[in-house]
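Residues per chain, in single letters:
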Amino acid sequence: MEIVDVAVVGGGPAGSSAAREASERGLSVLLFDHAHPRRKACGGGLPVKGIEWMDAPDSAIECEMSSISFTYNKTKLKIPVNKGKMIRRDDWDFYLYNRAKEAGAGHVVERVKSLTFTDKIWTINEKYKAKYIIGADGVNGFTRRHFMEKISRDNLFAAAGYYLDIKPTENEVEFIVGALPGKEGYLWVFPKSDHYNIGYCYNAGTPGMKDALHKLMQERWPGEFVENSKWKLAETGEIVDCKQFGSAIPSYNDPKLFDIPVSGETWVLCGDAAGHVNPIHGEGLNHSVLGGRLAAKAVSKKDPTLFEKYWRSHYSRDMYRAASTKHKIYRSFFMRIGFALGRTPAMYGMLASLTRGDYEGKATRSFWVKLPLALLQATFGMKHKALKAIT
């Protein structure tokens, strides 16, 4: 049996990106994935930040985001954007997977169930051999459980929702916080080309998540569930598809968890398997793609532990900061103050620039400079002109 340089376990964005990068760096690669093409339980929003290198073809784009909004109680902050995209995860994942094959990666249509290490060689499923392993098979997948401890339920988001077969009237990406006061998480409404992707994302085990989503559905599209994953609209009696989905997402509550190495002399984890997801909002696609490439880079240097240096230089600041502030940012008091300030003329412009990913300068310093004026404007109920037409 031929011994390849690296076996990549998992053909999602992280694994396919790793396999492609490794192949392009001249390594022999086997990519293990048993389920392509598949529909992934995901909102499918490519983040504004870093979208330039996400490699999403037009064929996988469902629509362009027109705006991103954040709503707390009756306060809505709506921000026009011009870079965000909504994708079909099955098409995008399959595209990345095919790009890896085009780069030279071999593909094994098998679920990895065993890994053994003998004489400095890994044996996968008792028959395939590789010098190195890149684990990218998701949160608490086989490689995570083989090389490290599972991510505990206390450090997971539960994300679930519905594909609601109603054509959106506007390409507005919505995040709704405070539906469960004081709880860490949010509801979302994402537009697609011919349906809505709606759901919740809260700490695993949070009571009332599904009820909060159903309440939102009743407010937006009054109706009721009928058999076989259908939603019956009260006004017209029309019955539309309403298929359910769900998944778990890493969401570290302690920044020290990011101190734990996710690599060894002959292996490295990336993407959700490494826990590299923003703990505040659960976005991880950009870190999956970039993380996969960085993992392959480290392996190409014959030292997977270099991944620790690489990922920390690229996105660790976001991870540590989010894990440190997650417990604060979702508190009701913080939400009230934050939204009151965010709507002011002094703060809205900076918030909009940060959301669009085009802010230049030091945001923390600018915040403190603008804060006194923003507090004064909030006291008198002043809001930015862009928000005056929003009810």
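Residues numbered from 1 in each chain as written. Predicted model: local features only at pLDDT ≥ 70, side-chain atom pairs only at ≥ 80, totals over all residues. Heavy atoms only, no water.

Participant: Pulling in residues and values, what's your account of the packing of aromatic side chains?
Facilitator: All told, the structure shown has 21 aromatic pairs when counted by the stated rule. Their ring planes at 55° and their centres at 6.5 Å tell us that Tyr-186 and Trp-188 sit as a pair that is tilted. Neither Tyr-186 nor Trp-188 differs from the other in exposure class; each is buried. Plain terms: the ring middles of Trp-188 and Phe-190 are 5.8 Å apart, the flat faces sit at 35° to each other, and that makes the pair tilted. Of the two residues, Trp-188 and Phe-190, both sit in the buried class. Pairwise contacts between aromatic rings join Phe-70, Tyr-163, Phe-175, Tyr-186, Trp-188, Phe-190 and Phe-245 into one cluster. For the cation-ring pair, Lys-297 lies above Tyr-310, with the distance from its terminal atom to the ring centre recorded as 4.5 Å. (Phe/Tyr/Trp six-rings, centres within 6.5 Å; stacked < 30°, edge-to-face > 60°. Buried < 20%, exposed > 50% of the residue type's maximum accessible area, 1.4 Å probe, protein only. Lys NZ or Arg CZ within 6 Å of the ring centre and 35° of its normal.)

Participant: Run through the layout of surface pockets, naming residues and quoting values.
Facilitator: Here the second largest pocket defines a volume of roughly 390 Å³. If you go around the second largest pocket, you meet 17 residues; those closest to its centre are Thr-71, Asn-73, Ile-176, Leu-216 and Glu-219. Mapped onto the lining of the second largest pocket, the elements with two or more residues apiece are β5 (67–72), β13 (172–177) and α4 (209–220). Here the element with the most residues in the lining of the second largest pocket is α4; it accounts for five residues. (1 Å grid on protein atoms, 1.4 Å probe; cavity = no way out; pocket = protein on both sides within 12 Å on 5 of 7 lines; lining within 4 Å. Points joined across faces, edges and corners; volume = space filled by probe spheres on them. Helix = DSSP H or I, 4+ residues; strand = E, 2+ residues; numbered from the N terminus.)

Participant: Which residues make up the pairing of strand β16 (residues 223–226), and what are the values?
Facilitator: Bridge count for β16 against strand β17 (residues 230–233) is four bridges, and the pairing is antiparallel. If you follow Phe-225 over to β17, its bridge partner there is Trp-231. Hairpin connection from β16 to β17: three residues lie between these consecutive antiparallel strands, with Asn-228 at a positive phi of about 60°. (Pairing = 2+ DSSP bridges.)

Participant: With reference to specific residues and values, describe unusual backbone geometry.
Facilitator: Residue Ser-229 is not a glycine yet carries a positive backbone phi of 55°. With respect to the element layout, Ser-229 can be found in the loop between β16 and β17. By relative accessible area, Ser-229 is classed as partly exposed at 37%.

Participant: So what about the packing of helix α1 (residues 13–24) against helix α2 (residues 89–102)? Which residues, and what values?
Facilitator: Contact geometry of α1 with α2 gives a least axis separation of 8 Å together with a crossing angle of 20°. The angle between α1 and α2 falls in the class roughly parallel. Note on packing geometry: the crossing formed by α1 with α2 is left-handed. Of α2, the residues touching α1 (which contributes Pro-13, Ser-16, Ala-19, Arg-20 and Ser-23) are Arg-89, Trp-92, Asp-93, Leu-96, Tyr-97, Arg-99 and Ala-100. Among the residues making up the contact of α1 with α2, the classes are represented as six nonpolar, two polar and four charged. (Axes fitted to C-alpha atoms, helices over the stretch in contact; angles between N-to-C directions. Parallel < 35°, antiparallel > 145°, perpendicular 65-115°, else oblique. Left-handed = near helix turned anticlockwise from the far one by under 90°. Contact = heavy atoms within 4.5 Å. Nonpolar A, V, L, I, M, F, W, Y, C, P; charged D, E, K, R; others polar.)

Participant: Just give me the short version of the pattern of salt bridges, but keep the residues and values in it.
Facilitator: One pass over the full model with this rule turns up 13 salt bridges. Residues Glu-21 and Arg-293 are paired through a salt bridge, measuring 3.7 Å at the closest nitrogen-oxygen approach. Here Glu-21 is found in helix α1, whereas its partner Arg-293 is found in helix α5 (residues 285–300), with 272 residues between them in sequence. Among the residues examined, Glu-21 registers a relative accessible area of 15% and is labelled buried. A salt bridge links Arg-89 to Asp-93; its shortest N-O distance comes to 2.9 Å. With Arg-89 and Asp-93 both in helix α2 and four residues apart, this pair spans about one turn of that helix. In this structure, Arg-89 and Asp-93 share a single accessibility class: buried. Sharing partners across several salt bridges, the network here consists of Lys-76, Lys-78, Glu-170 and Glu-172. (Salt bridge = Lys/Arg side-chain N within 4 Å of Asp/Glu carboxyl O.)

Participant: Describe the side chain of Asn-155, naming the residues involved and giving the relevant values.
Facilitator: The residue Asn-155 is located in the loop between α3 (142–147) and β12 (156–164) in this model. Once residues within four sequence positions are removed from consideration, Asn-155 is found in contact with Ile-249, Pro-250, Ser-251, Tyr-252, Asn-253, Asp-254 and Leu-257.

Participant: Which residues make up the pairing of strand β18 (residues 239–250), and what are the values?
Facilitator: The pairing of β12 with β18 spans nine bridges and is classified as antiparallel. The residue bridging Leu-164 from the neighbouring strand is Cys-242, located in β18. Two elements, β17 and β18, share three bridges in a ladder whose sense is antiparallel. Among the inter-strand pairings, Lys-230 is bridged to a residue of β18, identified as Asp-241.

Participant: Explain the sheet that holds β5 residue by residue, including any values.
Facilitator: In spatial order, the strands read β6-β5-β13-β14-β15-β12-β18-β17-β16; together these nine strands make up an open sheet with mixed pairing. A single partner strand is all that each edge strand has here, and the edge strands are β6 (75–80) and β16. Adjacent strand axes in the sheet meet at a mean angle of 20°, parallel and antiparallel pairs treated alike. In the packing of helix α8 (residues 332–342) onto the sheet, contacts are made with β5, β6 and β13, and the angle to β5 comes to roughly 130°.

Participant: Describe the confidence of the model for the protein chain, with residues and values.
Facilitator: Per-residue pLDDT for the protein chain has a mean of 89; in total, 92% of the residues score no lower than 70. Considering each helix and strand of the protein chain separately, the mean pLDDT is smallest for strand β3 (residues 45–46), with a value of 69, and largest for strand β19 (residues 267–269), with 98. (pLDDT = per-residue confidence, 0-100.)

Participant: Can you lay out the nonpolar core for me, pointing to particular residues and giving the numbers?
Facilitator: Counting residues in each nonpolar core, the largest one holds 54 residues, and the members touching the most others are Val-6, Ile-124, Ile-133, Ile-134 and Phe-307. Counting residues per element, this core draws most heavily on α5, which supplies six residues. In contact with Val-6, not counting residues within four places along its chain, are Ala-22, Leu-27, Ser-28, Val-29, Leu-30, Ala-130, Tyr-132, Ile-134 and Val-299. Membership of the second largest hydrophobic core comes to 29 residues, among which are Val-81, Val-173, Ala-322 and Phe-339. (Core = buried A, V, L, I, M, F, W, Y, C linked by side-chain atoms within 4.5 Å.)

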